[in-house]
Amino acid sequence: MTEDLPELRASDADRERVVEHLRDALAEGRLDMTEFEERLEAAYQARTYGELAPLTRDLPVPGVVAPAVNMVKQPVQDGSWASRVVGGEGSSSWAVAIMGGFERKGRWTVPKRFDCFTFWGGGAIDLRDANFADHEVVINCVAIMGGVDVIVPPGVEVVVRGIGIMGGFDHREDGAHSEPGAPRVIVTGLAFWGGVGVRRKPTEAERRRMKEQRRQEKLERKEARRRLE
């Protein structure tokens, strides 16, 4: 993208690049959720480069360390649990859905406590690609005639402590075996004529890896049978 031609029409790919830049800034804590949502809406409505450029002008280029923080040691994101417990305050600490919905997913940082409220609505909190502000985080859900779906990756310890009144909390993942160094996720709150579900699902990258592994095993079995014929 260039600012030399501000009136040039932006493509869908240009808008998506800006949106990805904003998502990275949200995950790093450079934008709060309100700023992110405002800029996200502006990005999708932008028609020209001139309208897109201001949305990321005050954000560092992804992968480049700003001079003011160049001497600060940056955490290495190698996919391990140690690299995903990053400290800080988190990129989003609350969500509300009243006759609507909310979603937290992708690369974001879960704070030490995340509060959410649904009334005749629903919410999805996906932790599979998230970082964590601490080794123990609390997700407090109040669901009134609504629901919240919490999705956790394999290896995370889950503790469910919520109260259900003509509703309930899903305890199927409660106390499951955790991997060394993995964070602990406590799901608590109140469900009144509503429900809070807790599901354990692999990441998309892990699902693709497993699919490819099954494909390779199938090919190897097929080749072994061919050799025996």
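Just above, that's the structure.
Residues numbered from 1 in each chain as written. Predicted model: local features only at pLDDT ≥ 70, side-chain atom pairs only at ≥ 80, totals over all residues. Heavy atoms only, no water.

**Comments concerning the overall build of the chain**
Then, in step 1: In terms of helices and strands, the chain carries five helices and 13 strands.
Then, in step 2: Among the 229 residues that make up the chain, the fraction classed as buried is 37%.
Then, in step 3: Taking all contacts inside the chain whose residues are at least 6 apart in sequence as the whole, residues at least 24 apart take part in 66%.
Then, in step 4: Surface summary for the chain: the accessible area is close to 13900 Å², and the carbon and sulfur share equals 53%. (Helix = DSSP H or I, 4+ residues; strand = E, 2+ residues; numbered from the N terminus. Buried < 20%, exposed > 50% of the residue type's maximum accessible area, 1.4 Å probe, protein only. Contact = heavy atoms within 4.5 Å. Areas by Shrake-Rupley, 256 points an atom, 1.4 Å probe, with all protein chains shown as cover.)

**Observations regarding unusual backbone geometry**
Then, in step 1: We note that Trp120 has phi near 55 degrees; this positive angle belongs to a residue other than glycine.
Then, in step 2: The phi torsion at Trp193 lies on the positive side, around 55 degrees, for a residue other than glycine.
Then, in step 3: Residue Trp193 is classed as partly exposed on the basis of its relative accessible area of 49%.

**A look at the side chain of Arg15**
Then, in step 1: Summarising the element assignment, Arg15 is placed in helix α1 (residues 12-27).
Then, in step 2: When its relative accessible area of 14% is taken as the criterion, Arg15 is described as buried.
Then, in step 3: Apart from residues no more than four positions distant in its own chain, Arg15 is found in contact with Ala10, Ala43, Tyr44, Ala46, Arg47 and Leu52.

**Quick word on the environment of Cys116**
Then, in step 1: Along the chain, the position of Cys116 falls in strand β4 (residues 113-119).
Then, in step 2: Linking Cys116 and Ile139, residues 23 residues apart in sequence, is a C-alpha distance of 7.8 Å.
Then, in step 3: Ignoring anything within four residues of it in the chain, the contact list for Cys116 reads Ala95, Phe102, Ile125, Asn140, Cys141, Val142 and Val148.

**Brief notes about the side chain of Ser91**
Then, in step 1: Relative to the helices and strands, Ser91 is located in the loop between α4 (81-84) and β1 (94-98).
Then, in step 2: Setting aside chain neighbours within four positions, we find Ser91 in contact with Leu26, Ala27, Leu31, Asp32, Met33, Trp108 and Thr109.

**What to know about the packing of aromatic side chains**
Then, in step 1: Taken as a whole and judged by the stated rule, the model has three aromatic pairs.
Then, in step 2: For the pair Phe119 and Trp120, a centre-to-centre distance of 5.6 Å together with 5 degrees between the ring planes defines the contact as stacked.
Then, in step 3: Ring geometry for Phe192 against Trp193: centres 5.7 Å apart, planes inclined by 0 degrees, an arrangement best described as stacked.
Then, in step 4: For Phe192, a relative accessible area of 31% gives the class partly exposed. (Phe/Tyr/Trp six-rings, centres within 6.5 Å; stacked < 30°, edge-to-face > 60°.)

**Quick word on the pairing of strand β13 (residues 195-200)**
Then, in step 1: Two strands pair when backbone bridges link them, and strand β8 (residues 147-152) and β13 are joined in this way by six bridges, in the parallel orientation. Its bridge partner lying in β13, Val152 is registered against Arg200.
Then, in step 2: Sheet analysis places strand β11 (residues 168-169) next to β13, joined by two bridges and oriented parallel. Counted as the bridge partner of Phe169 is Val196 from β13. (Pairing = 2+ DSSP bridges.)

**A closer look at the environment of Arg23**
Then, in step 1: Within the secondary structure, Arg23 sits in helix α1.
Then, in step 2: For Arg23, a relative accessible area of 37% gives the class partly exposed.
Then, in step 3: A sequence separation of 85 residues divides Arg23 from Trp108, and the C-alpha atoms of the two residues are 7.9 Å apart.
Then, in step 4: Dropping the residues within four chain positions of it, Arg23 is found in contact with Phe36, Tyr44 and Arg107.

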